[in-house]
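The lines below spell out each chain.
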There are 2 protein chains.
Amino acid sequence: MNQPRAVLFDAYGTLFDVYSVGLLAEQCFPGQGQALAVLWRDKQIEYTRLVTTSDDGAHYQPFWDLTRAGLRYACKRLALALTPEREDQLMNQYRHLSAFPENREVLQALKERGIATGILSNGDPGMLGVAVRSAGLAGLLDHVLSVDAIRKYKTHPEAYRLGTQATGLAAQHILFVSCNGWDALAATWFGYRTLWVNRYQLPFEELDTQPTRIGRDLRDVLTFFE
Amino acid sequence: MNQPRAVLFDAYGTLFDVYSVGLLAEQCFPGQGQALAVLWRDKQIEYTRLVTTSDDGAHYQPFWDLTRAGLRYACKRLALALTPEREDQLMNQYRHLSAFPENREVLQALKERGIATGILSNGDPGMLGVAVRSAGLAGLLDHVLSVDAIRKYKTHPEAYRLGTQATGLAAQHILFVSCNGWDALAATWFGYRTLWVNRYQLPFEELDTQPTRIGRDLRDVLTFFE
């Protein structure tokens, strides 16, 4: 099969480390930082699904708002006292998540090969703009696509369709890269070639579909161009 | 407001105790039974959402199959050796979940008042049939509604619509009862009057919507008829 002509990356969990808030969470709530980071992330994702499935976007809220809602739920669930100051601190940290260190070299290698690059993310444009600038990735991305344009989150097919629309390419000519198993799964269903970057040595989803390839970090993107 | 004319119950987690598999799970995998029961349930629900959101039912699998997929994932994730025998044992246990003890008296009280009763469940018809018979609830339910008819799981609005269609009543004349916060939330979005039975003292979802009432067990259904 020909090499992909474009590579689209998931952002949260893939380019940016959603668990890097754990350190601040641990400072705020000693002994509970890891539990809070995990539950916060799980709830944030759950909320994207609830608002997407229910009533075709009528209950849509931007990712930033769902992230805040997830934080509030997680703190209540873990019986942690989330003062307004701590909430602001943690949300501000979420705006400035650590980028995984190999991001830049992989994006640079793709640009050198003339491959179109982009982000296709649940994040709203404001969040993505800050994250991309903070990580110094702005010049290395041809597309920064947010599902906010259609008010439906991944894994809705319309969300994945933003990538084919923006690049003008058919799905099979695009490589979609995600560290989130569910994202790699649904992108495969959509028709993309997919790389699941299995950073945490997890099993893949048991839904009778496999990603095109499985890798260990973002450098494995480059195996599609050898 | 007038009293509801019908009461529809969620099945799994509401009438039937999904965590009652924990005991057998603990026998199979000492020290891991609780963790397995929780992750199995979470994954089962996650899979209903993934297949519903992605491509309008093209990836639908019946609840039984998704339940098995969730079990397989959970065992891999927890590094538990799921032999075919253990898988059969655990799946068979899922077919015969314990019913919460107050079910019968509540359904009987509703029947005595002439209120229509039913189940509106993600479970497929085979699973629901066995569960209803095992719990001795068959004569107390006017409707046993499975989303399998439309190949979309709750929280899709079409799933909730099965209840208005079957009863011939508008949503505001129907009380929908669930122990699952997300289910009570989305049923409220759909237009039902709702009772969230908060068995496990959890916070409600942080999505700007509250159920009509919150209760502690199924007997609180009867507060709508006082």
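Throughout this document, residue positions are counted from 1 along each chain, in the order its sequence is written. Chain labels run from A onward and ligand labels from 1 onward, assigned in the order the entries are written. Two thresholds apply to this predicted model, a pLDDT of at least 70 for residue-level local features and 80 or more for giving and counting side-chain atom pairs, whereas whole-chain, interface and lining totals are computed over all residues. By convention in this description, side-chain values take in all heavy atoms of the structure and omit both hydrogens and water.

We count it as follows: UniProt positions are given in the numbering used here, feature names are shortened, and annotations may be inferred rather than shown by experiment.
In the nomenclature of an unreviewed UniProt entry, chain A is known as (S)-2-haloacid dehalogenase of Ramlibacter agri. Per UniProt, chain A has the following entry under Catalytic activity (unreviewed entry): "an (S)-2-haloacid + H2O = a (2R)-2-hydroxycarboxylate + a halide anion + H(+)". Quoted verbatim from the Function (unreviewed entry) field of UniProt, the annotation for chain A is "Catalyzes the hydrolytic dehalogenation of small (S)-2-haloalkanoic acids to yield the corresponding (R)-2-hydroxyalkanoic acids."

**Side note on helix α5 (residues 103–112) of chain B**
Residues and elements named next belong to chain B. How we decide: Between buried and exposed lies partly exposed: a residue is buried under 20% and exposed over 50% of the maximum accessible area for its type, with that area taken using a 1.4 Å probe on protein chains only. The secondary structure listing takes helices from DSSP runs of H or I that are at least 4 residues long and strands from runs of E that are at least 2 residues long, numbered from the N terminus. Picture the helix axis, draw a direction to every C-beta atom, and the arc is the one those directions span. Any two residues whose heavy atoms approach within 4.5 Å at even a single point are treated as in contact.
Within the span of α5, buried status applies to Asn103, Val106, Leu107, Ala109 and Leu110. The buried residues of α5 occupy an angular sector of 160° when projected down its axis, which confines them to one face. Of the surrounding elements, those touching the buried residues of α5 are β1 (6–9) and β2 (116–121). A positive phi of about 75° marks Gly114, the residue just after α5.

**A word on the sheet that holds β1(B)**
Residues and elements named next belong to chain B. Cut-off, in case you're wondering: When DSSP finds at least two bridges between two strands, those strands are taken to pair. Fitting a line to C-alpha atoms yields each axis, with helices limited to the stretch in contact; the angle taken between N-to-C directions then spans 0 to 180 degrees.
Across the sheet, 6 strands lie side by side as β3-β2-β1-β4-β5-β6; this open sheet has parallel pairing. The open sheet terminates on both sides in strands that have one partner only, identified here as β3 (143–146) and β6 (213–215). Each strand of the sheet is rotated relative to its neighbour by a mean of 25°, with strand direction disregarded. Here β1 pairs with β2 via 4 bridges, running parallel. Within the sheet, the bridge partner assigned to Leu8 lies in β2 and is Gly118.

**Re the interface of chain B and chain A**
We count it as follows: The term buried area refers to how much accessible surface (probe radius 1.4 Å) is lost by two components on association, counted for both of them together. The salt bridge definition used is simple: a Lys or Arg side-chain nitrogen within 4 Å of an Asp or Glu carboxyl oxygen. Counted as a polar contact is a pair of N or O atoms within 3.5 Å, where, for protein atoms, one must be capable of donating a hydrogen and the other of accepting one, and residues adjacent in sequence contribute only when both atoms are in side chains.
In this complex, chain B contributes 32 residues to the contact, which on the side of chain A involves 32 residues. Contact with chain A buries surface across chain B, with Thr53(B), Trp189(B) and Glu206(B) losing the most and accounting together for 22% of the total. At the surface where chain B touches chain A, the tally comes to 6 salt bridges. Ionic pairing is found between Glu206(B) and Lys76(A), a salt bridge with its closest N-O pair at 2.5 Å. Inspection of the region where chain B meets chain A yields 17 residue pairs in polar contact (both at pLDDT 80 or more). Within the residue set of the side of chain B that touches chain A, elements represented by two or more residues are α2 (33–53), α3 (63–77) and α8 (181–190) of chain B. Per element, the largest residue contribution to the side of chain B that touches chain A is 8 residues, and it comes from α2(B).

**Considering the pattern of salt bridges**
Residue and element names in this part refer to chain B. The tally for this structure, following the rule as stated, stands at 26 salt bridges over all chains. A salt bridge links Glu46 to Lys43; its shortest N-O distance comes to 2.9 Å. In this pair, Glu46 and Lys43 are both assigned in helix α2, 3 residues apart and thus about one turn of the helix distant. A relative accessible area of 6% places Lys43 in the buried class. The salt bridge involving Glu87 is made with Arg72; its shortest N-O contact spans 2.8 Å. One end of the pair, Glu87, is in helix α4 (residues 84–95); the other, Arg72, is in helix α3, with 15 residues separating them in the sequence. Residue Glu87 is classed as buried on the basis of its relative accessible area, which comes to 8%. A residue is classified by how much of its surface remains accessible, and Arg72, at 36% relative accessible area, is partly exposed.

**Here we look at the domain arrangement of chain A**
All names here are of chain A. Condition: Throughout the structure description, domain borders are defined by an automatic or database domain assignment. As a working rule, the residues Ala, Val, Leu, Ile, Met, Phe, Trp, Tyr, Cys and Pro are called nonpolar, Asp, Glu, Lys and Arg charged, and the rest polar, with Gly in that last group.
With domains assigned, chain A is organised as domain 1 (6–16 + 98–225) and domain 2 (18–95). Averaged C-alpha coordinates put domain 1 and domain 2 at centres separated by 22 Å. Each partner contributes residues to the interface: domain 1 has 20 residues there, and domain 2 has 20 residues. For the pair domain 1 and domain 2, the two sides together bury roughly 1,700 Å², of which 58% comes from carbon and sulfur. Among the residues domain 1 hides against domain 2, the three largest losses belong to Met127, Arg151 and Tyr153. Together they make up 39% of the total. The interface formed by domain 1 and domain 2 includes 0 salt bridges. In terms of residue count, the dominant contributor to the side of domain 1 that touches domain 2 is helix α6 (residues 125–134) (4 residues). Within the side of domain 1 that touches domain 2, the residues separate by chemical class into 8 nonpolar, 7 polar and 5 charged.

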